Amino acid sequence: MPFYRDAVRAQAKDAYAAIYRTELVLDSLIDLANSQGHEISDVESLYQFSQMARIPTHLSLGKNKGKVITDLAASFEGTGYIKWRLKQNGVDLYLAQACQQALE
């Protein structure tokens, strides 16, 4: 039995340390977001910010990899590419949202 208790204590210490490190990282991210003009003050505003952060600003694949989506939408050729990309199977929901917003 002593071995089992020692193992449980070790796991509990590891879990506490992981929670503490997660808290430090989350606090730092919230401070950074708030310093950039966002207002994260509770769980709901944190969730809303996390949803906004999921919407990409740059393309991550294809012939326009690395290009700013809104810049691409400003040209005739870029608009055509975005519209073509939206018609492809399996387009990421957040990429589709960013593309739709850029086209509007």
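Residues numbered from 1 in each chain as written. Predicted model: local features only at pLDDT ≥ 70, side-chain atom pairs only at ≥ 80, totals over all residues. Heavy atoms only, no water.

**Q** Even after reading the chapter, I still don't get the overall build of the protein, so can you show me in this structure?
**A** Check the secondary structure of the protein and you find five helices and zero strands. Seen in sequence order, the protein has helices and strands lined up from the N terminus as α-α-α-α-α. Taking 104 residues into account, the globule formula puts the C-alpha radius of gyration at 13 Å, and the protein, at 21 Å, lies well above it. A principal-axis box enclosing the C-alpha atoms of the protein has dimensions of 70 × 35 × 20 Å. Among the 104 residues that make up the protein, the fraction classed as buried is 18%. The contacts in the protein between residues at least 6 apart in sequence include a share of 29% that link residues at least 24 apart. Carbon and sulfur atoms form 58% of the exposed surface of the protein, whose accessible area is close to 8200 Å². (Helix = DSSP H or I, 4+ residues; strand = E, 2+ residues; numbered from the N terminus. Rg over C-alpha atoms; globule rule 2.2 N^0.38 Å. Buried < 20%, exposed > 50% of the residue type's maximum accessible area, 1.4 Å probe, protein only. Contact = heavy atoms within 4.5 Å. Areas by Shrake-Rupley, 256 points an atom, 1.4 Å probe, with all protein chains shown as cover.)

**Q** What am I meant to see in the nonpolar core here?
**A** One recurring pattern in soluble globular proteins: nonpolar side chains tend to sit buried together. With 10 residues, the main nonpolar core is built from Leu 59, Ile 69, Leu 72, Ala 73, Tyr 81, Ile 82, Leu 95, Ala 98, Cys 99 and Ala 102. Counting residues per element, the ones that place at least two in this core are helix H3 (69-73), helix H4 (76-86) and helix H5 (93-103). If one sorts the elements of this core by residue count, H5 sits on top with four residues. (Core = buried A, V, L, I, M, F, W, Y, C linked by side-chain atoms within 4.5 Å.)

**Q** Would you mind showing me how to read a nonpolar patch on the surface here?
**A** A cluster of nonpolar side chains, namely Tyr 16, Tyr 20 and Leu 24, defines an oily patch on the protein surface of about 360 Å² accessible area. Among the secondary structure elements, Tyr 16 is positioned in helix H1 (residues 2-35). (Patch = residues over 30% accessible without salt bridge, like charges linked within 9 Å, V, L, I, M, F, W, Y side chains within 5 Å. Salt bridge = Lys/Arg side-chain N within 4 Å of Asp/Glu carboxyl O.)

**Q** Help me understand the side chain of Thr 79, please; the structure alone is not making it clear to me.
**A** Its location among the elements puts Thr 79 in helix H4. Its relative accessible area of 18% is what places Thr 79 among the buried residues.

**Q** Help me understand the pattern of salt bridges in this model?
**A** Proximity of charged atoms lets side chains of opposite charge pair with each other. All chains considered together, the criterion is met by one salt bridge. Its salt-bridge partner being Asp 6, residue Arg 9 comes within 3.7 Å of it at the nearest N-O pair. One end of the pair, Arg 9, and the other, Asp 6, are both in helix H1, three residues apart, so they sit about a helical turn from each other. Taking relative accessible area as the criterion, Arg 9 reaches 53% and is therefore assigned exposed. On the basis of relative accessibility, which here comes to 47%, the residue Asp 6 falls in the partly exposed class.

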